[in-house]
Amino acid sequence: MKTSQRNPAFVGDDGNSTTSTLAMSSLPAETPTEAEQEADKSTGGREGERDTWGKGVEFLMSCIAMSVGLGNVWRFPFTALDNGGGAFLIPYLIVLFLIGKPIYYLEMVIGQFSSRGSVKVFDLCPAMKGVGIGQVISISMVTTYYVGIMGITLYYFYDSFRNPLPWSECRAEWGAVCVASSQGNISPGVSSSFSASYNSSLNAIGPQQQQQRVASAELYFLKEVLREKEQIVDGIGLPNWELVIGLFVSWMCVFLIIRRGVKSSGKASYFLALFPYVIMGVLLVRAVTLPGSLDGIYYFIKPNWGKILDPKVWYAAVTQCFYSLSVCFGNIIMYSSFNKFGHNVHRDATIVTALDTATSLLAGFTIFGILGHLAHEIGTEDIGKVVKGGAGLAFISYPDAIAKFKQLPQIFSVLFFLMLFVLGIGSNIAMTSCTVTAIRDRFPNFKQWQCSLLIAVVSFGIGLIYITPGGQYMLTLVDFFGASMIALVLGIAELYTIGWIYGTDRLCKDIEFMLGRKVGLYWRLCWGVFTPLIMTIILIYFYATYEPLIYNNQPFPTWAYGVGWTITAFGVMQLPLWMLVAIIREPGNTLGEKIRGAFRPKKNWGPSDPLLREQYNKQIEHELMPKRGQGFWASIKQNIFG
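Computed from a predicted model, the values in this text were never measured in an experiment.

### Description of unusual backbone geometry
Negative phi characterises most residues that are not glycine, and trans characterises most peptide bonds.
Stage number 1. Geometrically, the link from asparagine 163 to proline 164 is a cis peptide bond, its omega value of 0 degrees lying close to zero.
Stage number 2. Of note, proline 164 is situated in the loop between helix H5 (129–159) and strand S1 (178–179).
Stage number 3. A positive phi angle, near 45 degrees, is found at leucine 408, a position not held by glycine.
Stage number 4. Tracing the chain through its elements places leucine 408 in the loop between helix H13 (391–402) and helix H14 (409–442).

### Details of the packing of aromatic side chains
Stage number 1. With the rule as written, the count across this model stands at 50 aromatic pairs.
Stage number 2. Between tryptophan 167 and tyrosine 220 the ring centres are 6.0 Å apart and the planes differ by 55 degrees, which places this aromatic pair in the tilted class. With tryptophan 167 in the loop between H5 and S1 and tyrosine 220 in helix H6 (residues 216–225), this residue pair connects regions lying 53 residues apart in the sequence. Neither residue differs from the other here; tryptophan 167 and tyrosine 220 are each classed as buried.
Stage number 3. Ring geometry for phenylalanine 556 against tyrosine 561: centres 6.3 Å apart, planes inclined by 65 degrees, an arrangement best described as edge-to-face.
Stage number 4. Looking at phenylalanine 556, the relative accessible area reads 5%, which means it is buried.
Stage number 5. Members of the aromatic cluster, joined through ring pairs, are Tyr155, Tyr156, Trp167, Tyr220, Phe221, Phe395, Tyr398, Phe416 and Phe417.
Stage number 6. For arginine 286, the ring lying beneath its charged end belongs to phenylalanine 405, and the centroid distance is 5.1 Å.

### Things to note about the side chain of serine 62
Stage number 1. Position of serine 62 among the secondary structure elements: in helix H2 (residues 56–67).
Stage number 2. Setting aside chain neighbours within four positions, we find serine 62 in contact with Trp53, Ser265, Gly266, Ser269 and Tyr335.

### Some words on the UniProt feature "binding site: Na(+)" (unreviewed entry) in the protein
Stage number 1. The residues that UniProt annotates with the feature "binding site: Na(+)" (unreviewed entry) are Val68, Asn72, Ser324, Leu423 and Ser427. For the annotated residues, spread through 360 residues, the largest C-alpha to C-alpha distance comes to 12.1 Å, consistent with a single compact locus.
Stage number 2. Its place among the elements puts leucine 423 in helix H14.
Stage number 3. Relative accessible area serves as the criterion here: at 4%, leucine 423 is assigned to the buried category.
Stage number 4. The contacts of leucine 423, once residues within four sequence positions are left out, are Ala65, Val68, Gly69, Val73 and Pro276.
Stage number 5. For serine 427, the position within the fold is in helix H14.

### A closer look at the environment of phenylalanine 417
Stage number 1. Within the secondary structure, phenylalanine 417 sits in helix H14.
Stage number 2. As a C-alpha pair, phenylalanine 417 and tyrosine 155 span 262 residues in sequence and 9.2 Å in three-dimensional space.
Stage number 3. The contacts of phenylalanine 417, once residues within four sequence positions are left out, are Thr153, Tyr156, Phe157, Ser160, Trp167, Ala394, Phe395 and Pro399.

### So, the state of the cysteines
Stage number 1. Taken as a whole and judged by the stated rule, the model has one disulfide.
Stage number 2. Residue pairing for cysteine 170: its cysteine sulfur links by disulfide to cysteine 178, the two sulfurs lying 2.0 Å apart. Residues cysteine 170 and cysteine 178 are joined through a disulfide that is left-handed, its torsion about the S-S bond being -90 degrees.
Stage number 3. By relative accessible area, cysteine 178 is classed as buried at 6%.

### Things to note about helix H15 (residues 448–463)
Stage number 1. Along its 16 residues, H15 runs 22 Å from first to last C-alpha, staying within 8% of the 22 Å computed at 1.5 Å per residue.
Stage number 2. Every buried residue of H15 is listed here: Gln448, Cys451, Ser452, Ile455, Ala456, Ser459 and Gly463. Down the axis of H15, the buried set is contained in an arc of 130 degrees. They therefore lie on one face.
Stage number 3. Elements in contact with the buried residues of H15: H5, helix H7 (241–258) and H14.

### Quick notes on a nonpolar patch on the surface
Stage number 1. Among the surface-exposed residues, Trp241, Ile245, Phe248, Val249, Met252 and Leu256 lie close enough to one another that they form a single nonpolar patch of about 580 Å² accessible area.
Stage number 2. One can find leucine 256 in helix H7.

### Focus on the nonpolar core
Stage number 1. By size, the foremost hydrophobic cluster in this structure holds 182 residues, and its most contacted members are Tyr104, Tyr156, Phe395 and Phe416.
Stage number 2. Counting residues per element, this core draws most heavily on helix H16 (residues 471–515), at 25 residues.
Stage number 3. Among residues more than four places away in sequence, those in contact with phenylalanine 416 are Val73, Leu283, Ile367, Ala394 and Tyr398.

### A word on the side chain of threonine 319
Stage number 1. The residue threonine 319 is located in helix H10 (residues 311–324) in this model.
Stage number 2. Residue classification places threonine 319 among the buried residues on the basis of a relative accessible area of 8%.

### Regarding the packing of helix H3 (residues 70–82) against helix H12 (residues 345–378)
Stage number 1. Relative orientation of the contacting elements H3 and H12 amounts to 80 degrees, with a least axis distance of 8 Å. Overall, the two elements H3 and H12 adopt an arrangement that is roughly perpendicular. Taken together, the residues of H12 that come into contact with H3 (itself represented by Asn72, Val73, Phe76, Pro77 and Leu81) are Asp356, Thr359, Ser360, Leu361, Ala363, Gly364, Ile367 and Phe368.
Stage number 2. Counted by class, the contact of H3 with H12 contains eight nonpolar, four polar and one charged residues.

### Things to note about the pattern of salt bridges
Stage number 1. Inspection of every chain in the model, using the stated rule, returns 13 salt bridges.
Stage number 2. Residues aspartate 159 and arginine 162 are paired through a salt bridge, measuring 3.5 Å at the closest nitrogen-oxygen approach.
Stage number 3. On the accessibility criterion, aspartate 159 (3% relative accessible area) is buried.
Stage number 4. The shortest N-O distance in the salt bridge between aspartate 348 and arginine 347 comes to 3.1 Å.
Stage number 5. If you follow the salt bridges from partner to partner, you end up with Arg116, Lys120, Asp123 and Lys602 in one network.

### Section: the environment of isoleucine 245
Stage number 1. As for its position among the elements, isoleucine 245 is in helix H7.
Stage number 2. Of the residues examined, isoleucine 245 reaches a relative accessible area of 46% and is grouped as partly exposed.
Stage number 3. Along the chain, isoleucine 245 and tyrosine 155 lie 90 residues apart, while their C-alpha atoms are 8.7 Å from each other.

### Side note on H14
Stage number 1. Counted at 1.5 Å a residue, the expected span for H14 with its 34 residues is 50 Å, and the 50 Å between its end C-alpha atoms agrees.
Stage number 2. With respect to burial, H14 is a largely interior element, 28 of its 34 residues being buried.

### Focus: the packing of H12 against H13
Stage number 1. Interaxial distance between H12 and H13 falls to 8 Å at its minimum, and their mutual angle equals 50 degrees. What the angle tells us is that H12 and H13 run oblique. Of the two elements, H12 crosses H13, and the hand of that crossing is left-handed. Side by side, H12 and H13 meet where Ile367, Ile370, Leu371 and Leu374 of the first sit next to Leu393, Ser397, Tyr398, Asp400 and Ala401 of the second.
Stage number 2. For the contact of H12 with H13, a count of residues per class yields seven nonpolar, one polar and one charged.

Each value, and the rule that gives it
Residues numbered from 1 in each chain as written. Predicted model: local features only at pLDDT ≥ 70, side-chain atom pairs only at ≥ 80, totals over all residues. Heavy atoms only, no water. Helix = DSSP H or I, 4+ residues; strand = E, 2+ residues; numbered from the N terminus. Phe/Tyr/Trp six-rings, centres within 6.5 Å; stacked < 30°, edge-to-face > 60°. Buried < 20%, exposed > 50% of the residue type's maximum accessible area, 1.4 Å probe, protein only. Lys NZ or Arg CZ within 6 Å of the ring centre and 35° of its normal. Contact = heavy atoms within 4.5 Å. UniProt positions renumbered as here; feature names shortened; annotations may be inferred. Disulfide = S-S within 2.5 Å. Expected span 1.5 Å × (residues − 1). Arc of directions from axis to C-beta. Patch = residues over 30% accessible without salt bridge, like charges linked within 9 Å, V, L, I, M, F, W, Y side chains within 5 Å. Areas by Shrake-Rupley, 256 points an atom, 1.4 Å probe, with all protein chains shown as cover. Salt bridge = Lys/Arg side-chain N within 4 Å of Asp/Glu carboxyl O. Core = buried A, V, L, I, M, F, W, Y, C linked by side-chain atoms within 4.5 Å. Axes fitted to C-alpha atoms, helices over the stretch in contact; angles between N-to-C directions. Parallel < 35°, antiparallel > 145°, perpendicular 65-115°, else oblique. Nonpolar A, V, L, I, M, F, W, Y, C, P; charged D, E, K, R; others polar. Left-handed = near helix turned anticlockwise from the far one by under 90°.

Below you can see the structure in the form of structure tokens.
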């Protein structure tokens with residue numbers, strides 16, 4: 001008797017075969033031996049068989065935990081405020097519609113269709129394999145400093161249990177310049193040191209500035225936590241041992257969650273995705289009940305229509321959307337590669353992109369409600385005075401506001417920093433898993449826990465750089481040259497590779513084969529025209545407006561720029577390097593044959609199941625046949641409109 005064989009990776013979330021899955025009835029069912037069953041338990045699956053999420057909802061929760069992170073809490077509110085307030089939402093939503101959502105769906109589709117990680121997925125165009133490798137390099141660098149921030153968060157979380165809060169009062173060594181954050185109104189004639197810039201210099205206080213008063217929360221962050229140096233010409237110093245403990249605990253949490261791959265991280269995703277919303281809800285309720293909170297919220301959403309045509313505002317909208325959703329870093333491709341073949345990624349992409357925006361607004365209301373109260377307490381109507389961007393919003397402005405709470409400030413401080421830690425861990429799990437998956441796709445005999453442990457140990461060692469007195473200088477340097485520079489260039493290369501070398505039309509046929517649904521004109525126009533074009537314009541604007549990097553109002557030393565540009569070159573040069581390797585390795589009698597072959601999908605490209613891949617190859621060959629031999633404009637029309 002013949003039984004139907006179905007690989008669980010090609011079964012829909014409802015337990016039924018997808019519309020495109022073949023009935024595999026030609027082979028007898030195999031009963032695994034006891035030894036194989038034991039191996040399954042220890043490795044998370046049969047050898048050579050890719051793990052899949054336990055449930056489809058685990059993929060959705062993991063994507064939410066990845067995309068909803070620190071950028072929503074401290075980057076979006078300040079970016080919106082600095083770029084027109086409520087008016088910023090218009091360019092942001094347009095950018096989300098034309099860039100964020102299309103790329104998110106594209107990466108989900110291509111990862112799930114091929115069951116390949118962010119490097120191996122470029123089997124669709126071997127010459128562009130360097131895009132995936134460069135993205136892994138970039139995300140690995142981001143991971144090292146991201147967990148450094150988690151270490152600082154744990155430091156504040158631990159201190160939040162103290163009574164009084166350690167940043168609420170001045171210390172003798174800070175001198176007369178300090179004013180306790182626990183105090184209310186600052187006496188008339190004494191100016192607050194609060195400014196909109198995180199990079200304000202506190203150590204270089206000259207005689208002419210002696211009347212400037214600095215909040216104890218700010219001095220605590222810079223002098224006690226970071227122990228920041230005025231400059232790094234003479235080196236970055238040694239790590240703060242208390243932050244080393246926080247860094248170690250953070251990496252231990254990441255390792256324990258990813259040690260069994262999606263089998264373990266999928267289970268943790270429920271908590272990592274949902275718990276921050278519980279805390280955010282509690283903090284929002286508390287925020288709106290504080291005096292002055294509504295003024296802060298109104299200040300946040302008040303539109304400045306004069307800025308809506310400023311190109312800087314649109315650039316800010318693109319970068320906020322790009323980094324908030326974590327597109328073009330390889331994370332989304334990696335997560336979706338563990339999906340079952342017929343999983344509804346269209347639905348998930350819509351949910352995650354919408355929820356990411358809603359979370360940013362929710363965080364903005366919460367943060368600015370509390371900052372509105374802070375402005376009320378210090379007696380100023382200009383809420384912009386108490387707002388700091390970036391990490392300063394989380395580690396200076398918010399703690400300063402919490403210190404002024406009359407009742408149980410410790411509770412709200414604990415909740416806030418616990419929320420930050422959970423958000424950060426959720427994002428970092430995705431980034432670290434991306435690197436692990438890329439390595440294990442290349443070296444499948446390398447066990448999951450071994451690879452995870454190796455990356456955790458190496459990244460912990462590198463992360464010590466960011467918790468030194470000069471650590472914030474290095475973080476700024478690596479973030480700019482290692483994340484922004486590399487991600488933009490390789491992200492654009494990814495879009496043109498999939499949209500025009502592999503082809504938008506073929507991508508749409510892949511989606512129809514996988515999900516059994518036609519692809520609308522909106523997706524075709526975005527993938528083929530709008531998204532790559534807008535990203536190219538952004539890259540040109542990025543380089544046209546480039547200014548030397550500064551921190552603490554000081555330029556970086558020459559050696560630091562050398563390090564920065566070396567990092568950028570190392571990431572971007574993966575593209576031509578692996579293109580050359582692919583051309584050399586490609587069989588062919590002439591250089592032209594080798595080049596053409598290197599830009600065509602590998603023979604094993606397609607669904608990982610052999611029978612499905614055979615069906616796909618026959619179908620795609622038949623459907624692409626009319627495209628061959630067409631003229632230039634006809635080919636373009638075919639690629640975009642089908």
